[in-house]
Amino acid sequence: MNDIKILSVVVPCYNVAGYLSRCLSSLVHQDIDGSAYEVIAIDDGSTDSTGEICDRYAKDYPQVKVMHQTNRGLGAARNAGLDLARGKYLLFVDADDFMVENCFKELIDTAEANLLDVLAYHSVDVYDGSPIPLVSEAPKQDIKVQTGAEYLSENFMQGPVWWFFTKREIIEKERLRFPEGHMLEDSPFTPEVILSAQRMANIGKVCYYYVQRPSSIMHSRDREHLLTLLGDYIFAYKSVDEVIAKHRHKMDESAYTRLASRRDSFLYFGIFRALKSGVAKEFYQHLKNDGLLPLRQLDKREFASKKWNILRLLFNCPALTCGIGKIYGFIRSLIPQHYNLTLFISS
């Protein structure tokens, strides 16, 4: 793996046997020669047939490389892929998601022609059991090249790292790594990448299918998992706060407000999750201990609905919020588990 490639695609894999073939097939059937790029699949200690599927693709497609490791989490798996990557550019793809066919060449050509450090693109959601949405060919548009800070000033702050096609050089130069041992691990990594970019643009077309599945890491209802995740919402807040402090001199007020709002939103979503899991009181205690209350108002450009102002007022009253959470939990206990509570209430 010492030969230089134009592109490295890093795919962390953990117990995704039902999705992995679709993902890897989308990566090996692209519009550039297989010898020009590499797909690095990191099997993170899977206990299903994920590892075998990775090995099968590596046997059939020379561009696929596989590393098997003991389970260390998504951040560690992505870092392992970074260590192995030899491409000029990097893509991170989650193993339950997949790429649009024949998009690699345009991403590479656009990045090369405009000397880009980071190239953003769009995604479309795919739901388990539903047809895959058709992606129509987007009309060609002029590429607007900006610094990462300028881009952030004018565009919605996208958090997932899989939204960006990145020059590996800037990741190595800035010594960027994913936090290990935490979920939401791309929360500090993505803004670091953006704010380190001297030349960034958005290609304006859909290149990525994001699969929403109930059994994914972010949708687990296991209590121990949820308590860990709630701590990671606070970790994400603090990590993004560190990124803001590091790069504040680069950002105008618009960019700062967007990123600060992204930081603060982790606390809102943490309270949402705490209410659903019945641990709102414990989460509020963590927020109080860390001096994170009261919640700030979110940026109206990205959180325009009036409900966010209402939620801020509600969430800044812990006793009232926890009381609502108890009522929700009681109602939920009366309803059979196989019912969707939202549908049940609205029917």
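Residues numbered from 1 in each chain as written. Predicted model: local features only at pLDDT ≥ 70, side-chain atom pairs only at ≥ 80, totals over all residues. Heavy atoms only, no water.

Right, let's talk about the side chain of Arg-168 for a bit. In this fold, Arg-168 is placed in helix H6 (residues 168–173). A relative accessible area of 13% places Arg-168 in the buried class. Sequence-distant contacts of Arg-168, that is, excluding residues within four places in its chain, are made with Ala-85, Arg-86, Gly-87, Lys-88, Tyr-89 and Leu-90. (Helix = DSSP H or I, 4+ residues; strand = E, 2+ residues; numbered from the N terminus. Buried < 20%, exposed > 50% of the residue type's maximum accessible area, 1.4 Å probe, protein only. Contact = heavy atoms within 4.5 Å.)

With 25 residues, helix H9 (residues 253–277) extends 36 Å between its outermost C-alpha atoms, agreeing within 8% with the 36 Å of an ideal straight helix rising 1.5 Å per residue. Positive phi shows up at Gly-278, right after H9, with a value of about 80°. (Expected span 1.5 Å × (residues − 1).)

Relative to the elements of secondary structure, Asp-264 occurs in helix H9. Judged by its relative accessible area of 5%, Asp-264 falls in the buried class. Engagement of the side chain of Asp-264 in a polar contact is seen with the side chain of Arg-263, the distance being 2.8 Å. Within the local environment of Asp-264, its side chain forms a polar contact with the side chain of Arg-296, the two groups lying 3.2 Å apart. Excluding residues within four positions of it along the chain, Asp-264 makes contact with Tyr-237, Arg-296 and Leu-298. (Polar contact = N/O pair within 3.5 Å; in protein donor to acceptor, adjacent residues only side chain to side chain.)

With that settled, consider the sheet that holds strand S8 (residues 200–212). One open sheet holds the eight strands; their spatial order is S3-S2-S1-S4-S7-S6-S8-S5, and the pairing between them is mixed. Bordering the open sheet on either side are strand S3 (64–69) and strand S5 (98–99), each of which pairs with just one other strand. Of the strand pairs in this sheet, strand S6 (residues 118–127) and strand S7 (residues 164–167) are connected by three bridges, and their pairing is antiparallel. Along S7, the bridge assignment pairs Val-118 with Thr-166. With respect to the sheet, helix H2 (residues 50–60) is in contact with strand S1 (5–13), strand S2 (37–44) and S3, its orientation differing from that of S3 by roughly 150°. (Pairing = 2+ DSSP bridges. Axes fitted to C-alpha atoms, helices over the stretch in contact; angles between N-to-C directions.)

All told, the structure shown has 17 aromatic pairs when counted by the stated rule. Considering the side-chain rings of Phe-303 and Trp-308, the 5.0 Å spacing of their centres and the 80° angle between planes classify their relative orientation as edge-to-face. Across the pair, exposure class does not vary: Phe-303 and Trp-308 are buried alike. Joined through ring pairs, the aromatic side chains of Tyr-268, Phe-269, Phe-272, Phe-303, Trp-308 and Phe-315 make up one cluster. Sitting over the ring of Phe-178, Arg-78 keeps its end group 5.3 Å from the ring centre. Geometry around Tyr-256 places Arg-248 over its ring, the cationic atom sitting 4.2 Å from the centre. (Phe/Tyr/Trp six-rings, centres within 6.5 Å; stacked < 30°, edge-to-face > 60°. Lys NZ or Arg CZ within 6 Å of the ring centre and 35° of its normal.)

Before going further, it helps to spend a moment on the packing of H9 against helix H11 (residues 306–315). Relative to each other, H9 and H11 sit at 65°, their axes nearing to 11 Å. Classified by the angle their axes make, H9 and H11 are roughly perpendicular. You can see that H9 and H11 cross each other, and the crossing is left-handed. When H9 is examined against H11, the residues Tyr-268, Phe-269, Ile-271, Phe-272 and Leu-275 are found in contact with a partner set consisting of Trp-308, Leu-311, Arg-312 and Phe-315. Grouping the amino acids of the contact of H9 with H11 by side-chain chemistry returns eight nonpolar, no polar and one charged. (Parallel < 35°, antiparallel > 145°, perpendicular 65-115°, else oblique. Left-handed = near helix turned anticlockwise from the far one by under 90°. Nonpolar A, V, L, I, M, F, W, Y, C, P; charged D, E, K, R; others polar.)

All right, on to the environment of Val-118 then. For Val-118, the position within the fold is in strand S6. Among the residues examined, Val-118 registers a relative accessible area of 0% and is labelled buried. Between the alpha carbons of Val-118 and Lys-307 there is a distance of 34 Å; along the sequence they are 189 residues apart. Among residues more than four places away in sequence, those in contact with Val-118 are Phe-164, Phe-165, Thr-166, Ile-170, Val-193, Ala-197, Arg-199, Met-200 and Ala-201.

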